[in-house]
Amino acid sequence: MIMLIKFFISLLIVNLYTPSSEKIDVLIQLNYNNEKIVLNKAYQNNYADNFSINKLQFYISDLRFYSQNKEVLEYHKKYILIDIENENSLKISIPSNLMFDQVLFNIGIDEETNKTGAKGGDLDPIHGMYWTWNSGYINFKLEGLYNNNNEFMFHVGGFMKPYNTLQKVKINKAKEHNNKLELNFDRFLNSLDFNLDKILSPGKNALKSSNMLAKSFN
Amino acid sequence: MKRFISLLIIFLIIKLIFHLHKQNNFLNYPNYFPKIEYDFSNNQLSKEKIELGKILFYDPILSKNNQVSCASCHSSYNAFAHTDHKLSHGIYDQIGVRNAPSLFNLAWQREFMWDGAINHLDMQALAPINSKTEMGETTKGLINKLQKTNYYPKLFHDAFKDSIIKTEYLLKSLSQFQLTLISANSKYDSVIKGVTKFNTKEKNGYELFKNNCNSCHTEPLFTSYDYKNNGIQEDSLLKDLGRFEITQNIKEKYLFKVPSLRNLKYSYPYMHDGRMKKLQTVIEHYSDIEIDNKFIKLNSKEKIDLIAFLLTLNDREFTLNKDHKFPSKLIEVLYQ
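What counts and how
Residues numbered from 1 in each chain as written. Chains lettered and ligands numbered in written order. Predicted model: local features only at pLDDT ≥ 70, side-chain atom pairs only at ≥ 80, totals over all residues. Heavy atoms only, no water. Helix = DSSP H or I, 4+ residues; strand = E, 2+ residues; numbered from the N terminus. Rg over C-alpha atoms; globule rule 2.2 N^0.38 Å. Buried < 20%, exposed > 50% of the residue type's maximum accessible area, 1.4 Å probe, protein only. Contact = heavy atoms within 4.5 Å. Areas by Shrake-Rupley, 256 points an atom, 1.4 Å probe, with all protein chains shown as cover. Buried area = accessible area lost by both parts, 1.4 Å probe. Salt bridge = Lys/Arg side-chain N within 4 Å of Asp/Glu carboxyl O. Polar contact = N/O pair within 3.5 Å; in protein donor to acceptor, adjacent residues only side chain to side chain. Nonpolar A, V, L, I, M, F, W, Y, C, P; charged D, E, K, R; others polar. Axes fitted to C-alpha atoms, helices over the stretch in contact; angles between N-to-C directions. Left-handed = near helix turned anticlockwise from the far one by under 90°. Core = buried A, V, L, I, M, F, W, Y, C linked by side-chain atoms within 4.5 Å. Expected span 1.5 Å × (residues − 1). Pairing = 2+ DSSP bridges.

Draft legend 1. Expanded view of the overall build of chain B. Each helix and strand in chain B was counted, giving 15 helices and four strands. At 22 Å, chain B has a C-alpha radius of gyration in line with the 20 Å of a compact globule built from 336 residues. Reported as C-alpha extents along the three principal axes, the dimensions of chain B are approximately 70 × 55 × 40 Å. Burial status across chain B gives 55% buried among its 336 residues. The long-range fraction of contacts in chain B, counting pairs at least 24 apart against all pairs at least 6 apart in sequence, stands at 67%. Carbon and sulfur atoms form 54% of the exposed surface of chain B, whose accessible area is close to 17200 Å².

Written out as structure tokens, the structure reads:
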């Protein structure tokens, strides 16, 4: 019976929210220095002669599309695990006739979801984006090497006050490309002092880092 | 149409009442217990899920070398604690950093571990499974191992109608078994129910308890689940900062979760690092120090009476409960 009700409700929602049954993919592009980030490629910032990235994963949640400051679509998936190695995670499927100029989303997982037990799908702890020793999702994970073979790790997360790392982001659609969202890592990656920065738990440093990431995207 | 809707509503109400009744059948607890904390709406109890959780709890497959199970450190005979071990033992003879706590009345508990690091019962099992000094597995490795056995896909299918094993099913079934571990049949409980009476010593001890201990070890669960500094000094080797390690709040240094006083007979040694072997040592400790601006001053007779009362919180029936013991189904699969 509950299944039947759920089925009718989902029918209703689909009818309300789908102006066109045809779908297209919006591509999320992760950029540094105006170019798509490439894994294991050598980069440089003020703190390191060279650094390379070998892991980049993060959650985006509550994704909403806007056109002229009006919400036109709330994305059906509340949580998306973006993984630079997984092409499919960088595709957002929306109705082909949806017009939008801006998107709003959160980087990370909200407090309620962090406190309500086992979840599946993108929230499955099996993806390595969950701290097993201290309940809570890792909102953002960046790992790699700097100055040849030194490892760096930034696991940014934490939802408890005053170190709640959930960040709101508002970005404009890329001008030249109709269906592309570019997330700009310039400010964030340029701010990383690899010798000092290692973040593996919630706290002050994680909060600071999440702020910088949001600034970088905005 | 109206008639249809009202019939539908009545049907749903009946279904809800039936459902609530069904949940209560699995959880037998007295009416003076407070409201349950665990939210069953995301994990409704079923016979198959509880049984699966029990098999997983006793199966050493959860550890990397298939030698350590949950029950290795949480034995039913000891109220699911690890009697006579100060710190938990893990794979390859490793020693952990804290005393394995007893497990019961978990449906009333909000946070888990001595520092409350885990905020939901479902997520608790991930900690020992992934800890290098306990089970040394990875969540992914464990799911793969379970999927490859010739019995777990069927057991998961029986419970969750899906033979593709998922972390969520693993965690929820482990929760279900642990939620059934209810200890409420001590002498204290019989007295509260009016079935029996305390003797003189126990009665005196109960009065002393109410005046001196009840604010932290609150009846009827005998814990408030708050975090407190109980005055024991930092261990120079373990350097355990307690709740501070989770909240980074300087005021919460050396705070640890208040444990329940039920089943003390079976769950020694005491404290987060198991430093006190005897109940008497614990009482002596509290007679010496100031906690929450209060001194607990007890003379030697009062100490004896207080211990007499504390011993009425032992629940022998709980430690002997056959429903909680090593499942025969696991013997079949382990030795087939």
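Draft legend 2. The interface of chain A and chain B, seen in detail. Counting residues at the interface gives 22 residues for chain A and 24 residues for chain B. Between chain A and chain B, the buried area comes to about 1900 Å², and carbon and sulfur atoms account for 64% of it. At the boundary of chain A and chain B, one finds zero salt bridges. At the junction of chain A and chain B, the tally comes to six residue pairs in polar contact (both at pLDDT 80 or more). Of the residues assigned to the side of chain A that touches chain B, the class counts are 11 nonpolar, eight polar and three charged.

Draft legend 3. View of the packing of helix H2 (residues 47-58) of chain B against helix H7 (residues 152-160) of chain B. Residues and elements named next belong to chain B. The geometry of H2 relative to H7 is characterised by a closest axis approach of 8 Å and an angle of 145° between their N-to-C directions. You can see that H2 and H7 cross each other, and the crossing is left-handed. Packed against H2, whose contacting residues are Glu48, Lys49, Leu52, Ile55 and Leu56, the element H7 presents Tyr152, Leu155, Phe156, Asp158, Ala159 and Phe160 at the interface. Taken together, the residues of the contact of H2 with H7 sort by class into eight nonpolar, no polar and three charged.

Draft legend 4. Representation of the nonpolar core. Judged by nonpolar contacts, the single largest core of 72 residues is most densely connected at Leu56(B), Phe57(B), Leu62(B), Leu146(B), Tyr152(B), Phe156(B) and Leu170(B). Leaving out residues up to four positions away in the same chain, Leu56(B) has contacts with Leu62(B), Leu146(B), Tyr152(B), Phe156(B), Leu170(B), Ser173(B) and Leu174(B). Among the nonpolar cores identified, the runner-up in size contains 47 residues, and Phe51(A), Leu142(A), Leu189(A) and Leu213(A) belong to it.

Draft legend 5. How the structure looks around helix H8 (residues 167-179) of chain B. When the terminal C-alpha atoms of H8(B) are compared, their 18 Å separation across 13 residues agrees well with the 18 Å that a helix rising 1.5 Å per residue should span. With respect to burial, H8(B) is a largely interior element, 13 of its 13 residues being buried.

Draft legend 6. Inspection of the pairing of strand E5 (residues 70-74) of chain A at higher detail. All names here are of chain A. Strand direction decides the pairing type here: strand E4 (residues 48-67) and E5, joined by four bridges, are antiparallel. Along E5, the bridge assignment pairs Phe65 with Leu73. Here E4 folds back onto E5 in antiparallel fashion, the turn holding two residues, of which Gln68 has a positive phi close to 50°.

Draft legend 7. The environment of Leu330(B), seen in detail. Residues and elements named next belong to chain B. Following the sequence through the fold, Leu330 ends up in helix H15 (residues 328-334). Sequence spacing of Leu330 and Lys277 is 53 residues, and the spatial spacing of their C-alpha atoms is 34 Å. Excluding its chain neighbours within four sequence positions, the residues that come into contact with Leu330 are Ile55, Tyr58, Asp59 and Tyr152.

Draft legend 8. The side chain of Asn212(B), seen in detail. Residue and element names in this part refer to chain B. With respect to the element layout, Asn212 can be found in helix H10 (residues 200-212). Taking relative accessible area as the criterion, Asn212 reaches 18% and is therefore assigned buried. Discounting chain neighbours no more than four positions away, the residues touching Asn212 are Lys294, Ile296 and Leu298.

Draft legend 9. Summary view of unusual backbone geometry. A cis geometry characterises the amide bond from Lys161(A) onward to Pro162(A), with omega recorded as 5°. Relative to the helices and strands, Pro162(A) resides in the loop between strand E10 (150-157) and strand E11 (167-172). Omega for the bond connecting Glu219(B) with Pro220(B) falls within 30 degrees of zero, at -5°, which places this linkage in the cis form. Among the structural elements, Pro220(B) can be located in the loop between H10 and strand E1 (227-228). A positive phi is found at Lys239(B), a non-glycine position, where the angle reads about 45°. The topology assignment puts Lys239(B) in the loop between E1 and helix H11 (244-247). If you check the backbone angles, Met271(B) has positive phi at about 85° while not being a glycine. Looking at where Met271(B) falls in the secondary structure, it is placed in the loop between strand E2 (256-257) and helix H12 (279-288). For Met271(B), a relative accessible area of 11% corresponds to the buried category.

Draft legend 10. The arrangement of the pairing of E4(A) in detail. Residues and elements named next belong to chain A. In terms of burial, E4 is largely enclosed, as 15 of its 20 residues are buried. Strand direction decides the pairing type here: strand E3 (residues 43-45) and E4, joined by two bridges, are antiparallel. Paired with Asn45 across the two strands is Ala48, which belongs to E4. Connecting E3 to the antiparallel partner E4 that follows it, the hairpin turn spans two residues. With seven bridges connecting them, E4 and strand E9 (residues 138-146) associate as antiparallel partners. Paired with Ser52 across the two strands is Leu145, which belongs to E9. Bridge count between E4 and strand E6 (residues 79-83): five bridges; the pairing is antiparallel. When the sheet's bridge partners are listed, Gln57 is paired in E6 with Asp83. The pairing of E4 with strand E8 (residues 102-107) spans five bridges and is classified as antiparallel. By the bridge assignment, Phe65 is partnered in E8 with Val103.

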